[in-house]
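Examination of the molecular architecture
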Amino acid sequence: MRIPVIQNKIAFTAGKVNLYTDFDGTYCPAKHSTLHDPNANGFMNEYCSRINKFWQTTEGDVHFNITTGRTLGEYESISWLLKMRNFRLPFPESIITKDGSDRFVKTGTDTDFYEQGNFPFNYNRPQEEKELEIKKLTNWDGDKIQAKLKRLADKYKIRLVEADSENAVSDYGERSLFSSGKLDPDEWKKLPSQNGQIIEHASPVADYALGSRNDGKLKFNLIFPPDYGFCPERNWIYDNIITDLKGYLESKKIRYHMEWEPASDSNHRRISCSITPLFEHGALTKLYDTKKALKEAVKNNDIVIAAGDGSNDFDMLNPLGYLEEDFVRECEKNSSHKEFYSKDILQRLDDLKRIYNGENSDYINGLRKELTQNGYLKQLEDLPIYSIVIRKQNSKMQPLIDTFSGINKVITTESGGLDEGIKKAVRLYAEKNQIFKNAMSEKFKILIFGAKKKSAKTVNYYKIGAGILLSGIIGFVGYRYLNKSKGKDNENNTGNKSPNSKS
């Protein structure tokens, strides 16, 4: 996806903020595991009230979207938990699920949910626009892929189990793939093992099933039984399913990415497979939506703010991910430091950190000069994308903080401080982009910069003007009073005639 070169032009929509924030730990500072405890998270009432007031104050100025690693079903589950605790956390305009999958636009109000229990998003009504865009790019059609998967399950007589989450029943109840009647989380314990490890066996033991998490139309996550890889008979069946599915995708010229997660204690000793549309040579991620939003923001003189705290937010928060690909290729083509462009992301970030920190070495001095002359550094600083990182220990975001906090492209804030981070990002951009600042609504400017104080000179002018006006009013009233009194005297003189006068 290309980001156009920045142009200074006035647009009708200028001065707006497009916010994309992670949910857990970023927008919602309360941990899921603690929401069952009625004595925990006492701070949440104040936070919900404050953030609700912030959205009301910025209505029309900040467009608020959540982009989460949760499925929609998981997000709905935690929303009910919040409601149960009477934590009225406002809903976004839209929610993007499962790290860049389907986008769902809000169809109800917060009051509908918190007062009447009507969840304002519908799993069966994802945003069609995003589906069509990705289909155009990759030929991906989620409905047809889902239908093919069901046909394969029928072909191989496999029980296809669908649910919203692969996580604990204690958190998600019947929405969990491991709830009663679905997949058995302890099934691996029934298999032949040695020293706690499953060993190869000829006769199948585990249930003949395949789990499918409800990731939406733009992603599929398949969860295999724990004997996959240890039982040749089962290996043949499940290998055939994957081979047939890949054959279908390739026959339809669908550009896709497939990634495997190995079995571990955390996933009940089950191998899983994730299949997504191809995005920038890899899986579809949160970056898709924010990068598209940036393209629009550049055209409209708006700003994009991305906020997060976890490893799945890294791509979305990394300013390097927003540089135009053609621009970067051109820089590399003409570069005397081609090794910089071929380094992995952490190495490139380290080089940039050394540049921004003013390191004086031959390599860094030469690279600094080149990245200044070819406009690479300027593009990074000028793009209207700002990242907010929630501070926490051992953060995967530390390389981004170390590299970009000095030039104010990455802003850090404490847990529960999302609103302050947004205000800081807007203020920083407005101070360097006068077109954006001039286009901001007056109420938004007051929120970001505070109300303007009247200068002493202006106050004196007001005082002088008020004095002149008051003097004029007093003079006018006095004039009317004197004329009225004079008229009464004339009236009295005319009415008192002498007895000798003639009529």
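Read on for a plain summary of the structure.

A look at the overall build of the chain
Within the chain, the secondary structure is distributed over 19 helices and 14 strands. Every one of the 503 residues in the chain was classed for burial, and the buried ones make up 46%. Taking as baseline every contact in the chain between residues at least 6 positions apart, the subset at least 24 positions apart corresponds to 69%. Working note: accessible area of the chain is about 26000 Å², and carbon and sulfur atoms make up 50% of it.

A closer look at the packing of helix 4 (residues 128-138) against helix 8 (residues 287-300)
Each pair of packed helices gets described by two things: the angle between the helix axes and the distance between those axes. Viewed as axis vectors pointing N to C, helix 4 and helix 8 meet at an angle of 95°, and their least axial separation amounts to 13 Å. One finds that helix 4 runs roughly perpendicular with respect to helix 8. Taking contact as the criterion, the partners of E129, K130, E133, I134 and L137 in helix 4 are, on helix 8, Y288, D289 and K292. Taken together, the residues of the contact of helix 4 with helix 8 sort by class into 3 nonpolar, no polar and 5 charged.

Concerning the sheet that holds strand 2 (residues 62-67)
With respect to topology, 7 strands assemble into an open sheet ordered 4-3-2-1-12-13-14, the strand pairing being mixed. Each edge of the open sheet carries a strand with a single partner, namely strand 4 (103-105) and strand 14 (410-413). Pairwise comparison of adjacent strand axes, ignoring direction, gives a mean angle of 20° for this sheet. Two strands pair when backbone bridges link them, and strand 2 and strand 3 (residues 94-96) are joined in this way by 3 bridges, in the parallel orientation. Along strand 3, the bridge assignment pairs N65 with S94. Helix 16 (residues 418-432) rests against strand 1 (17-21), strand 12 (303-308), strand 13 (385-390) and strand 14 of the sheet, and its axis sits at about 155° to strand 13.

A word on the nonpolar core
With 64 residues, the main nonpolar core has W140, I275, L352, L371 and Y376 as its most contacted residues. If one sorts the elements of this core by residue count, helix 7 (residues 232-251) sits on top with 7 residues. Filtering out sequence-adjacent residues up to four positions away, L371 remains in contact with F340, Y341, L352, I355, Y376 and L377. Among the nonpolar cores identified, the runner-up in size contains 47 residues, and F64, L81, F113 and L418 belong to it.

Concerning the packing of helix 12 (residues 345-356) against helix 13 (residues 362-373)
With their axes 10 Å apart at the nearest point, helix 12 and helix 13 run at an angle of 90° to one another. As far as their axial angle goes, helix 13 and helix 12 are roughly perpendicular. Across the interface between the two elements, D351, L352, R354 and I355 of helix 12 pack against Y363, I364, L367, R368 and L371 of helix 13.

Some words on the sheet that holds strand 10 (residues 256-261)
Pairing is mixed in the open sheet, where 5 strands are placed in the order 5-8-9-11-10. Edge positions in the open sheet fall to strand 5 (159-163) and strand 10, since each of these has one partner strand only. Strand after strand, the sheet turns through a mean of 20° between neighbouring axes, direction not considered. Of the pairings in the sheet, the one linking strand 10 to strand 11 (residues 272-277) comprises 6 bridges and is antiparallel in character. Across the sheet, the residue bridging to E261 is S272, located in strand 11.

Examining the pairing of strand 2
With 5 of 6 residues buried, strand 2 is to be regarded as a mostly interior element. Pairing between strand 1 and strand 2: 5 bridges, direction parallel. Residue pairing in the sheet places L19 in a bridge with F64 of strand 2. Following the backbone out of strand 1, through helix 1 (residues 44-57) and into the adjacent parallel strand 2, one traces a crossover that is right-handed. Between the parallel elements strand 2 and strand 3, the chain passes through helix 2 (residues 72-84) in a crossover that is right-handed.

Section: the pattern of salt bridges
Scanning the model with the defined rule gives 39 salt bridges in all. K443 is the partner of D61 in a salt bridge, and the nearest nitrogen-oxygen pair spans 2.7 Å. Taken together, the residues span a long stretch of sequence, with D61 in the loop between helix 1 and strand 2 and K443 in helix 18 (residues 442-449) at a distance of 382 residues. Judged by its relative accessible area of 2%, D61 falls in the buried class.

Description of helix 4
Every buried residue of helix 4 is listed here: K130, E131, I134 and T138. Here the buried residues of helix 4 occupy an arc of 100° about the axis, which is enough to place them on one side. In helix 4, the exposed residues that point more than 90 degrees away from the buried face are E128 and K136. Where the residues of helix 4 are buried, they touch strand 3, strand 4, strand 11 and helix 8. Where helix 4 ends, the next residue or the one after it, N139, has phi of about 70°, a positive value.

Focus on the state of the cysteines
With the rule as written, the count across this model stands at 0 disulfides. Looking at the unpaired C48, the closest cysteine sulfur is the one in C28, lying at 7.4 Å. Take C48: its relative accessible area is 5%, and that puts it in the buried class.

About the criteria used
All chains use their own residue numbering, which begins from 1 and follows the written sequence. Totals for whole chains, interfaces and linings use every residue, but because this is a predicted model, local features are given only for residues with pLDDT of at least 70 and side-chain atom pairs only at 80 or more, for both listing and counting. Side-chain measures were taken over the full set of non-hydrogen atoms in the model, leaving aside hydrogen atoms and water. Counting from the N terminus, the helices are the DSSP runs of H or I reaching at least four residues and the strands are the DSSP runs of E reaching at least two. Three exposure classes are used, based on accessible area relative to the maximum for each residue type with a 1.4 Å probe and protein chains only: buried under 20%, partly exposed in between, and exposed over 50%. Residue contacts follow a heavy-atom distance rule, with two residues in contact if any of their heavy atoms lie within 4.5 Å. Using a 1.4 Å probe, the Shrake-Rupley method yields the accessible areas, and only the shown protein chains count as cover for residues. In this description, a line fitted to the C-alpha atoms serves as the axis of each element, helices being fitted only across the stretch in contact, and the angle between N-to-C directions of two axes falls anywhere from 0 to 180 degrees. For classification purposes, an angle smaller than 35 degrees is called roughly parallel, one larger than 145 roughly antiparallel, one from 65 to 115 roughly perpendicular, and anything else oblique. Gly falls in the polar group here, along with every residue not listed as nonpolar (Ala, Val, Leu, Ile, Met, Phe, Trp, Tyr, Cys, Pro) or charged (Asp, Glu, Lys, Arg). Pairing between strands requires that DSSP locate at least two bridges from one strand to the other. The criterion is simple. A nonpolar core is a set of buried Ala, Val, Leu, Ile, Met, Phe, Trp, Tyr and Cys residues joined through side-chain atoms within 4.5 Å. Crossover handedness is defined here as right-handed if the route from the first strand over the helix to the second strand goes clockwise, with the strands pointing away from the viewer. Only one rule defines a salt bridge in this text: a Lys or Arg side-chain nitrogen within 4 Å of an Asp or Glu carboxyl oxygen. This arc corresponds to the set of directions leading from the helix axis out to the C-beta atoms. Note on disulfides: each one is a pair of cysteine sulfur atoms within 2.5 Å.

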